[in-house]
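Given next are the chains, with one letter for each unit.
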Amino acid sequence: MRKLTYFIACSLDGFIGDPDGDGSAMFPFVDEEFLDFLKAEYPETLPTHGRRPLGIDDLPNKRFDTIIQGRASYDLALREGVTSPYAHLREYVASRTLKESPDPNVEIIAEDLVGRVRALKAEDSTFDIYLCGGARLAGELLDEIDELIIKTYPVVLGTGMPMFASGFSVTQFALESVRGFGNGAVVRTYRRER
């Protein structure tokens, strides 16, 4: 069974972006040390259009072969004219409003999101599934998330888009690892306790 991993950046106070989801306040912390970590451990989480200028377009996937993102996350790429932001992965966008995919590499999941994710998790593969965001999508899939990898940057936003937009539910995860960086960023990995 493949894992669904919510690999997400957030502020110290648990926001993945401002109220509109803009996470650019955290971009300055993706310095050389942090970028080297991403390239070595999670190269497939870097968007295709960002990999090419970094000269890492040929790096093989290490953890994931599939990505699921919400409409708001996908819209960030569309605004830049990028219709397939993760062309090196199988791309799914969960959306009830996007009627047709603007790219043949991107499949829209409009109905039975949980059922579709369960089918993806049941596939025979050595790679896991990268849940990119956003908050509403993570909230809908909370019961399916097997692992959290939280890149926490040393900023406080005060308000904004939370990591999970869902009703109250106590869901326990066990800490597996913590890695700190010179710029104050911390990456924590948690495994779901079932």
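Residues numbered from 1 in each chain as written. Predicted model: local features only at pLDDT ≥ 70, side-chain atom pairs only at ≥ 80, totals over all residues. Heavy atoms only, no water.

A. Highlighting the nonpolar core. Counting residues in each nonpolar core, the largest one holds 24 residues, and the members touching the most others are Leu-4, Tyr-6, Ile-68 and Leu-131. For this core, the secondary-structure elements that each account for two or more residues are β1 (4-10), β4 (90-94), α4 (113-121), β6 (128-133), α5 (135-140) and β7 (147-152). In terms of residues, this core owes the most to one element, β1, which gives four residues. For Leu-4, the residues in contact, after removing those within four places along its chain, are Ile-68, Val-117, Lys-121, Ile-129, Leu-131, Leu-141, Glu-144, Ile-145, Asp-146 and Glu-147. One finds Phe-7, Leu-35, Phe-64 and Val-187 within the second-largest nonpolar core, a separate group that totals 22 residues. (Core = buried A, V, L, I, M, F, W, Y, C linked by side-chain atoms within 4.5 Å. Buried < 20%, exposed > 50% of the residue type's maximum accessible area, 1.4 Å probe, protein only. Helix = DSSP H or I, 4+ residues; strand = E, 2+ residues; numbered from the N terminus. Contact = heavy atoms within 4.5 Å.)

B. Broad picture of unusual backbone geometry. Following Gly-133, the chain continues to Gly-134 via a peptide bond in cis, the omega torsion being 15 degrees. With respect to the helices and strands, the residue Gly-134 is situated in the loop between β6 and α5.

C. Quick peek at the packing of aromatic side chains. All told, the structure shown has eleven aromatic pairs when counted by the stated rule. Ring geometry for Phe-7 and Tyr-42: centres 4.8 Å apart, planes at 45 degrees, overall tilted. Here Tyr-42 lies in the loop between α1 (32-41) and α2 (48-54) and Phe-7 lies in strand β1, a separation of 35 residues in the sequence. In textbook terms, an aromatic cluster arises when at least three aromatic residues are bridged by ring pairs, as seen for Phe-7, Phe-29, Phe-34, Phe-37, Tyr-42, Phe-64, Tyr-86, Tyr-130, Tyr-153 and Phe-181. (Phe/Tyr/Trp six-rings, centres within 6.5 Å; stacked < 30°, edge-to-face > 60°.)

D. Spatial organisation of the side chain of Glu-44. Within the secondary structure, Glu-44 is located in the loop between α1 and α2. Although Glu-44 is buried, it forms no salt bridge, and the closest oppositely charged side chain is Arg-51 at an N-O distance of 5.9 Å. At a separation of 2.4 Å, a polar atom in the side chain of Glu-44 contacts the main-chain amide nitrogen of Arg-63. Here the side chain of Glu-44 touches Phe-64 through a polar contact of 2.6 Å, landing on its backbone nitrogen. (Lys, Arg positive; Asp, Glu negative; His and termini not counted. Salt bridge = Lys/Arg side-chain N within 4 Å of Asp/Glu carboxyl O. Polar contact = N/O pair within 3.5 Å; in protein donor to acceptor, adjacent residues only side chain to side chain.)

E. Seen up close, the pairing of β7. Taking burial as the measure, the six residues of β7 include six buried ones, the bulk of the element. Of the two faces of β7, the one carrying Glu-147, Ile-149 and Lys-151 and the one carrying Leu-148, Ile-150 and Thr-152 are both buried. Pairing between β1 and β7: six bridges, direction parallel. Following the sheet pairing, Tyr-6 is matched in β7 by Leu-148. In the sheet, β7 pairs with strand β10 (residues 186-192) via six bridges, with the strands oriented antiparallel. Directly across from Ile-150, in β10, lies its bridge partner Arg-188. (Pairing = 2+ DSSP bridges.)

F. Representation of the layout of surface pockets in the model. Estimates place the volume of the largest pocket at around 1200 Å³. Lining the largest pocket are 36 residues, with Phe-27, Pro-47, Leu-76, Tyr-86 and Cys-132 positioned closest to its centre. Counting only elements with at least two residues in the lining of the largest pocket, the list comes to β1, α2, α3 (71-79) and β6. Of all the elements, α3 adds the most residues to the lining of the largest pocket, at five residues. Estimates place the volume of the second largest pocket at around 430 Å³. If you trace the second largest pocket, you find 21 residues lining it, with Gly-70, Arg-71, Ala-94, Arg-136 and Leu-137 closest to the centre. Of all the secondary-structure elements, those providing two or more residues to the lining of the second largest pocket are α3 and α5. Broken down by element, the lining of the second largest pocket gets its largest block of residues, four residues, from α5. Taken together, the residues that form the lining of the second largest pocket break down as nine nonpolar, six polar and six charged. (1 Å grid on protein atoms, 1.4 Å probe; cavity = no way out; pocket = protein on both sides within 12 Å on 5 of 7 lines; lining within 4 Å. Points joined across faces, edges and corners; volume = space filled by probe spheres on them. Nonpolar A, V, L, I, M, F, W, Y, C, P; charged D, E, K, R; others polar.)

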